[in-house]
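# Close look at the chain arrangement
The residues making up each chain are set out below.
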Amino acid sequence: MMNKLTSVVCLGSALALSACGGPEQEDGAELAQQSSRLTTASSQGCDYEATTVQITTSPPQYNVVLTRTGGASCTLTTGASVVLQTVPLNAPGTVTLSGSSLGLAVGFTMKNGWSGSAATVMAVRAVDPTTLATTRNGDIYCDYMTGSILTGSTGLNATGTNLSVSGTKACKINGRSGTYWYGTFTDFFTSTTAPVISTI
């Protein structure tokens, strides 16, 4: 179920080394230019990349940024970007980005609030590749006060219509325990049908 097209790159900077298991960066200079994770996808003739950028250190905050990077047949503005989400306290989990002719699908785990005890949820977003506007928020939550989602990944099917989601958790979803969770958004870009989430 994991998105085989996703590639995660740890960039050669002090901030990225911290995200990849190296020593933590104490200096906050030029954080806006440093990205710790990167994914790429294409939609409607253009290429896109998603990056996680630390924007403050005290308290730490991170932006998940989507940027149009060009493409041989792309007629839209190269370099246009949008902040999809500002995440508090902990860096978002690995970002997955998939694309089809219908749009872009972005997924990542994130802390759901400023409290240290706030749960981690799975963020799932549909993005219009032309306007870079978020057209759907399909975030996945654990049952209240039962724990957090630990990891998550997203990937479009071969026709680019259905979005698969999966990962691990330490909580209950719909009253069900289990280490692994998975599900599918049918017609992800053209409907608001909630995913059917199962656990094992």
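Look up: the structure comes first, before these words.
Report follows, based on the coordinates. Every value quoted in this text rests on a predicted model; they were computed, and no experiment measured them.

Attention now goes to the overall build of the protein chain. Summing up its helical and strand segments, the protein chain has one helix and 12 strands in all. Secondary structure elements in the protein chain, listed N-terminal to C-terminal, are α-β-β-β-β-β-β-β-β-β-β-β-β. Here the analysis covers contacts within the protein chain between residues at least 6 apart in sequence; of these, 44% occur between residues at least 24 apart.

All chains considered together, the criterion is met by one salt bridge. The residue Arg125 makes a salt bridge to Asp139 at a minimum N-O spacing of 3.0 Å. Of this pair, Arg125 sits in strand β7 (residues 120–127) while Asp139 sits in the loop between β8 (134–137) and β9 (148–156), and the two are 14 residues apart along the sequence. Here Arg125 matches Asp139 in class, with each residue buried.

What follows is about the sheet that holds β7. The four strands lie next to each other as β5-β6-β7-β8, forming an open sheet whose pairing is antiparallel. A single partner strand is all that each edge strand has here, and the edge strands are β5 (96–100) and β8. Adjacent strand axes in the sheet meet at a mean angle of 25° when their direction is disregarded. With eight bridges joining them, strand β6 (residues 103–111) and β7 adopt antiparallel strand pairing. Along β7, the bridge assignment pairs Phe108 with Ala123.

Estimates place the volume of the largest pocket at around 260 Å³. When the residues that make up the lining of the largest pocket are grouped by side-chain class, the tally is seven nonpolar, six polar and one charged.

This part is about the state of the cysteines. Each disulfide consists of a covalent bond between the sulfur atoms of two cysteine residues. Using the criterion set out here, one finds two disulfides in the structure. A disulfide bridge connects Cys46 with Cys74, and the sulfur atoms are separated by 1.9 Å. Between Cys46 and Cys74 the sulfur-sulfur dihedral comes to about 85°; the bridge is accordingly right-handed. Remark: Cys74 occurs in the loop between β3 (60–70) and β4 (81–88) and Cys46 occurs in strand β2 (residues 46–57); sequence separation between them is 28 residues. In this structure Cys74 comes out as buried when scored by relative accessible area, which is 17%. At a sulfur-sulfur separation of 2.0 Å, the disulfide partner of Cys142 is Cys171.

Parameters and conventions
- Residues numbered from 1 in each chain as written.
- Predicted model: local features only at pLDDT ≥ 70, side-chain atom pairs only at ≥ 80, totals over all residues.
- Heavy atoms only, no water.
- Helix = DSSP H or I, 4+ residues; strand = E, 2+ residues; numbered from the N terminus.
- Contact = heavy atoms within 4.5 Å.
- Salt bridge = Lys/Arg side-chain N within 4 Å of Asp/Glu carboxyl O.
- Buried < 20%, exposed > 50% of the residue type's maximum accessible area, 1.4 Å probe, protein only.
- Pairing = 2+ DSSP bridges.
- Axes fitted to C-alpha atoms, helices over the stretch in contact; angles between N-to-C directions.
- 1 Å grid on protein atoms, 1.4 Å probe; cavity = no way out; pocket = protein on both sides within 12 Å on 5 of 7 lines; lining within 4 Å.
- Points joined across faces, edges and corners; volume = space filled by probe spheres on them.
- Nonpolar A, V, L, I, M, F, W, Y, C, P; charged D, E, K, R; others polar.
- Disulfide = S-S within 2.5 Å.

All we've got here are geometric facts, nothing functional implied.
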